[in-house]
Amino acid sequence: MLLLLVLGSCSANKPVPQYEPFDFVSWTDAGVKSDNSEPLETDSSEPIEQDTTQLVHPCYPETPPGTVRAYFSKNVSYYSGELTLCAGQDLGLRAAELIDQAESTIDMAAMGIQHDDVLEALMEASSRGVKVRVVMDDEYYRPDEWQDLVDLEDSGVDLVTDTYGSPYMHNKFIIVDSTYLWTGSANFSSYDSTSNANSTLLFNSEAICGVYQNRFDRMWGDGTVGSGDCHQDQFGYPKNVTINSDKVDVYFTPSWSVAERYKELIANAEEAIHFQIFAFTLDEIREAILDRCGEVEIIGLYDEDQATSYGSTIPDYWCDEATILPANVIGGSGYKKMHQKLLLIDPTGSKPFIATGSFNWTNAASESNDENVVILSDPELAELFEAEFQARLAQSR
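Read on for a plain summary of the structure. (Residues numbered from 1 in each chain as written. Predicted model: local features only at pLDDT ≥ 70, side-chain atom pairs only at ≥ 80, totals over all residues. Heavy atoms only, no water.)

Before going further, it helps to spend a moment on the packing of aromatic side chains. Under the counting rule described, the total for this entry stands at 14 aromatic pairs. Geometrically, the ring pair formed by Tyr60 and Tyr71 is edge-to-face, given 5.5 Å between the ring centres and 90° between the ring planes. One end of the pair, Tyr60, is in strand 3 (residues 60–63); the other, Tyr71, is in strand 4 (residues 68–72), and 11 residues separate them in sequence. Just as Tyr60 is buried, Tyr71 falls in that class too. Joined through ring pairs, the aromatic side chains of Tyr262, Phe275, Phe280, Trp318, Phe359 and Trp361 make up one cluster. Positioned above the aromatic ring of Phe353, the side-chain terminus of Arg261 is 5.8 Å from the ring centre. One residue, Arg286, lies across the ring of Trp318, its end atom 5.3 Å from the ring centre. (Phe/Tyr/Trp six-rings, centres within 6.5 Å; stacked < 30°, edge-to-face > 60°. Helix = DSSP H or I, 4+ residues; strand = E, 2+ residues; numbered from the N terminus. Buried < 20%, exposed > 50% of the residue type's maximum accessible area, 1.4 Å probe, protein only. Lys NZ or Arg CZ within 6 Å of the ring centre and 35° of its normal.)

Following this line, the structure appears as structure tokens:
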């Protein structure tokens, strides 16, 4: 396969990059919103017939069509439920195992790739004839420093980056054979896969893959400089996908629609608002939470280092009824960050909501970065996310 390396021009408002280790980039609110995107021409909300492909994956005996699986990087010491709780996982290794089973195509949007198993799996997939395309953030494309990227290109993987000076391509998703979608908060690096607190979802759904494929193809463009729509406003979202009678909402940014939807979910909470967040600078989400003080339970965990960053809302006053704590992430080596981007609404109620993905609660995530979010209402998944939340809370009190 002929290597294609394209530096796709998208925008020119990212600050001069300060090359820090991959897992603790200091997120800023740099970036100017672009208004050059056309509305989406296709609507993937119509039901799509599922095939019978099944993926065998650790923790789960099978992942049949219409299934959504959750994976967590940190251990949960106590869980009394009857569901399979796949915690304490090397998320990069789990992603690599998914890649290993690809038969025809792999499309991956990654801020960077610094997990050996993921790199090896991508190269092996390319060598066996799988078409592999990767959209990556330019700051993490440094082949002069990382031989792994040279090896990745030499294997025939097609790679496109956004150009120097643009906002962040902050997505973390993989589409395999138009059937499986891997998405969540974890970067494809060793620290983020094991040491930092993260979660990912694995979907077996052609319907949701179709939505993500549309976005990936638009970022990819025609493989020439500037042909993609990285960092341009994403009109036409959310897309509503039905998976086994359950509705899943998919959002992409740049767009303020995610923050608006979060505010609606918070305003309509009946019992509890729980959250885990890495970077939090959006005052409007904080104000929406404050408006519910005394009405519902409010518990939040945040990354302590990010809370000292410019613009963070965490140091500001919270109501006495809210429990807002720095996360004490235990286990692993090196950096131990609360890297989740999770909102749980009424997690033990009859109609819970889970909102997760790559989206930090920041102006940059809304205005300029490429991000993705899925919002589900699934009591079983909510039970698993709540168990993980309670484990991190117990360690942080």
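There is more to say, and it comes next.
Moving on, we come to the packing of helix 2 (residues 116–127) against helix 3 (residues 147–154). Packing of helix 2 against helix 3 brings their axes to within 9 Å, and their N-to-C directions diverge by 15°. Judged by the angle between their axes, helix 2 and helix 3 are roughly parallel. Every pair of crossing elements has a handedness; the one defined by helix 2 and helix 3 is left-handed. Contacts from Asp116, Leu119, Leu122 and Met123 in helix 2 reach Asp148, Asp151 and Leu152 in helix 3. Residue composition of the contact of helix 2 with helix 3, grouped by class: four nonpolar, no polar and three charged. (Axes fitted to C-alpha atoms, helices over the stretch in contact; angles between N-to-C directions. Parallel < 35°, antiparallel > 145°, perpendicular 65-115°, else oblique. Left-handed = near helix turned anticlockwise from the far one by under 90°. Contact = heavy atoms within 4.5 Å. Nonpolar A, V, L, I, M, F, W, Y, C, P; charged D, E, K, R; others polar.)

Right, let's get into the pattern of salt bridges. In this structure the tally under the stated criterion is 13 salt bridges. Across the pair Glu145 and Arg142 runs a salt bridge whose closest N-O atoms are separated by 3.2 Å. By relative accessible area, Glu145 is classed as partly exposed at 47%. Accessibility expressed as a relative area gives 7% for Arg142, which makes it buried. Members of the salt-bridge network, linked through shared partners, are Asp107, Arg133 and Asp217. (Salt bridge = Lys/Arg side-chain N within 4 Å of Asp/Glu carboxyl O.)

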